[in-house]
Amino acid sequence: MPLTRKRILITGGAGFLGSHLCERLLAEGNDILCVDNYFTGRKDNIAHLLGNKNFEALRHDVTFPLYVEVDEIYNLACPASPVHYQFDPVQTTKTSVIGAINMLGLAKRIGAKILQSSTSEVYGDPTVHPQPEDYRGNVNPFGPRACYDEGKRCAETLFFDYRRQHKTRIKIARIFNTYGPRMHPNDGRVVSNFIVQALRNKDIALYGDGSQTRAFCYVDDLVDGLIRLMATGDDVTGPVNIGNPHEIPVRALAERIVALTHSASRLVHRPLPQDDPMQRCPDITLARTMLGWEPAVALDDGLRRTIAYFDDLLRAA
Ligand code: NAD
Ligand code: UDP
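My aim in this report is to walk through the structure given alongside it, one point at a time. Keep in mind that what you see is a predicted model, and the values were worked out from it rather than measured.

About the thresholds
Residues numbered from 1 in each chain as written. Chains lettered and ligands numbered in written order. Predicted model: local features only at pLDDT ≥ 70, side-chain atom pairs only at ≥ 80, totals over all residues. Heavy atoms only, no water. Helix = DSSP H or I, 4+ residues; strand = E, 2+ residues; numbered from the N terminus. Rg over C-alpha atoms; globule rule 2.2 N^0.38 Å. Buried < 20%, exposed > 50% of the residue type's maximum accessible area, 1.4 Å probe, protein only. Contact = heavy atoms within 4.5 Å. Areas by Shrake-Rupley, 256 points an atom, 1.4 Å probe, with all protein chains shown as cover. Lys, Arg positive; Asp, Glu negative; His and termini not counted. Charge placed at Lys NZ, Arg CZ, Asp CG, Glu CD. Polar contact = N/O pair within 3.5 Å; in protein donor to acceptor, adjacent residues only side chain to side chain. Near = heavy atom within 4 Å. Nonpolar A, V, L, I, M, F, W, Y, C, P; charged D, E, K, R; others polar. Expected span 1.5 Å × (residues − 1). Phe/Tyr/Trp six-rings, centres within 6.5 Å; stacked < 30°, edge-to-face > 60°. Lys NZ or Arg CZ within 6 Å of the ring centre and 35° of its normal. Pairing = 2+ DSSP bridges. Right-handed = clockwise from strand over helix to strand, strands pointing away.

### Section: the overall build of the protein
1) Next: Each helix and strand in the protein was counted, giving nine helices and 13 strands.
2) Next: What you see for the protein is a C-alpha radius of gyration of 19 Å, in line with the 20 Å of a compact globule of 317 residues.
3) Next: Expressed along its principal axes, the backbone C-alpha trace of the protein runs to roughly 55 × 45 × 40 Å.
4) Next: Split into buried and exposed, the 317 residues of the protein put 56% on the buried side.
5) Next: Within the protein, contacts between residues at least 6 apart in sequence are counted, and of these 81% link residues at least 24 apart.
6) Next: Looking at the protein as shown, the accessible area adds up to about 13,700 Å², and 52% of this sits on carbon and sulfur atoms.
7) Next: Of the side chains in the protein, 37 bear a positive and 37 a negative charge, and the two mean positions are spaced by 3 Å.

Pasting the structure below:
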């Protein structure tokens, strides 16, 4: 075994981001344990990795303790799409909070480094723009998004308390909207919804007037940011924003997707969901200076790759 081979646990490893992370860390020669309860993840996402002797998949729910020996833990388990995390909100909070306690307990016992996939949702509907890490956010604690937002905020609290109390080696990445191949076609997030609607020449549903903004990061860039953060010394904890600062209105995203797919779809309006943030864009100064990281994939390039993925998927269906 090469001395550099690490044993890495990835919770939520069969999900969209997790499967890309598994693939990349496996390709770098590591030993990967992918843990998932397949709530929103799919075996198809990791099927191509199963033949590799350094890859192992385990069906497990992180709200229950796990006893394994690894060097690093990436804690990604948690539904990320509003439709999915609101489906069973109590389970969403349990996944973030009890899942964090279980994974931190594991990291503490075995002395592993642990990285938490936190989110831009900790900033809620932000009143500071773009959002730097020291902005404390504007979250409704009992609205329909709270199970996710507050669960993730509590997980950050737990990570820092484990560090203060037990010297656990923690890293927190605040991930902003990320897209790419292997998003679930029905997961309800804006990029996958718009691409599927455009490829089927169906109406594209803009929630509200489409003037709300987001900034979209291609999955390869995101994975690169997470790996760089994990590689930092124990003095670096984050939270660090990882996202693409190219901000656009949701309507402009729809127009780009219609143009790139040569679709006949029309843009139509649907009610804006409660507490939907009106603007979101990461300040990535910290990631640039501390990690030497910034996104490299332009929106049109990332959208073309994602469209090609969904085109194949829909043809095969
Ligand atoms: P996803 O839904 O595709 O992946 C989540 C994975 O976690 C799925 O495979 C799911 O089956 C698994 N999971 C859910 N509950 C579990 C449980 N109790 N035990 C074990 N596994 C469980 O979503 P994603 O986009 O890949 O997101 C991954 C992580 O990144 C999440 O923690 C999410 O909050 C965070 N994040 C993602 C984005 C984004 O834009 N994709 C943005 C911010 C934060
Ligand atoms: N949205 C939309 N149509 C859709 C799905 C989402 O207009 O079919 C909007 C949604 O209201 C939000 C933005 O797109 O303003 C991003 O939504 P998503 O669910 O992808 O992620 P969020 O950033 O809200 O967590």
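More follows now that the structure is in view.
### A word on the side chain of Asp276
1) Next: Its place among the elements puts Asp276 in the loop between strand 13 (267–270) and helix 8 (285–291).
2) Next: Polar contacts involving the side chain of Asp276 include one to the side chain of Arg214, which spans 3.1 Å.
3) Next: Those residues within four positions of Asp276 in sequence are excluded, and the remaining contacts are Asp125, Arg145, Gln212 and Arg214.

### So, the site of ligand 2
1) Next: Neighbouring residues of ligand 2: 18 residues in total, closest Val190, Asn193, Arg214, Asp276 and Arg280.
2) Next: Starting from 510 Å² of accessible surface for ligand 2 in isolation, the protein chains cover 95%.
3) Next: Those elements giving two or more residues to the shell around ligand 2 turn out to be helix 5 (190–199) and strand 8 (204–207).
4) Next: Its residues placed into classes, the shell around ligand 2 shows eight nonpolar, four polar and six charged.

### Concerning the site of ligand 1
1) Next: Around ligand 1, 31 residues are found, and the nearest of them are Leu17, Asp36, Thr40, Tyr148 and Lys152.
2) Next: In the model, an oxygen atom of ligand 1 is placed 2.8 Å from a nitrogen or oxygen of the Leu17 main chain.
3) Next: At 3.3 Å from an oxygen atom of ligand 1 is found a main-chain nitrogen or oxygen belonging to Cys78.
4) Next: About the coverage of ligand 1: the protein hides 97% of its 830 Å² of free accessible area.
5) Next: Residue assignment for the shell around ligand 1 shows that the elements contributing at least two residues are helix 1 (16–27), helix 3 (89–110), strand 5 (113–119) and helix 4 (146–166).
6) Next: If you tally residues by element for the shell around ligand 1, the top one is strand 5, at three residues.
7) Next: When the residues that make up the shell around ligand 1 are grouped by side-chain class, the tally is 14 nonpolar, 13 polar and four charged.

### A few points about helix 7 (residues 250–261)
1) Next: Between the first and last C-alpha of helix 7 there are 17 Å, a value that for 12 residues agrees with the 16 Å anticipated at 1.5 Å per step.
2) Next: Taken residue by residue, helix 7 has Val250, Leu253, Ala254, Ile257, Val258, Leu260 and Thr261 as its buried positions.
3) Next: Those residues of helix 7 that are buried are in contact with helix 5, strand 8, strand 12 (247–249), strand 13 and helix 9 (299–316).
4) Next: Looking one or two residues beyond helix 7, the residue adopting positive phi is His262, at roughly 50 degrees.

### Let's talk about the packing of aromatic side chains
Pairs of aromatic rings are described using the distance from one ring centre to the other and the angle between the two planes.
1) Next: The full count for this structure, using the stated rule, is six aromatic pairs.
2) Next: Judged by centre distance (4.3 Å) and plane angle (5 degrees), the ring pair of Tyr85 and Tyr148 falls under stacked. On the criterion of sequence distance, the pair formed by Tyr85 in helix 2 (residues 82–85) and Tyr148 in helix 4 is long-range, its members being 63 residues apart.
3) Next: With a relative accessible area of 1%, Tyr85 lands in the buried category.
4) Next: For Tyr148, a relative accessible area of 8% corresponds to the buried category.
5) Next: Aromatic ring contacts, followed pair by pair, group Tyr123, Tyr135 and Phe176 into a single cluster.
6) Next: Above the face of the Tyr38 ring, Lys43 is positioned so that its terminal group lies 5.5 Å from the ring centre.

### What to know about the pairing of strand 5
1) Next: Burial analysis of strand 5 places seven of its seven residues in the buried class, which makes it a mostly covered element.
2) Next: Every second residue of strand 5 is oriented toward a common face, with Lys113, Leu115, Ser117 and Thr119 on one face and Ile114, Gln116 and Ser118 on the other, all of them buried.
3) Next: Both strand 4 (residues 72–75) and strand 5 contribute to a ladder of four bridges, which runs parallel. Bridge pairing in strand 5 links Asn75 to Gln116.
4) Next: A crossover connection joins strand 5 to the parallel strand 6 (residues 169–175) through helix 4; in handedness this β-α-β unit is right-handed.

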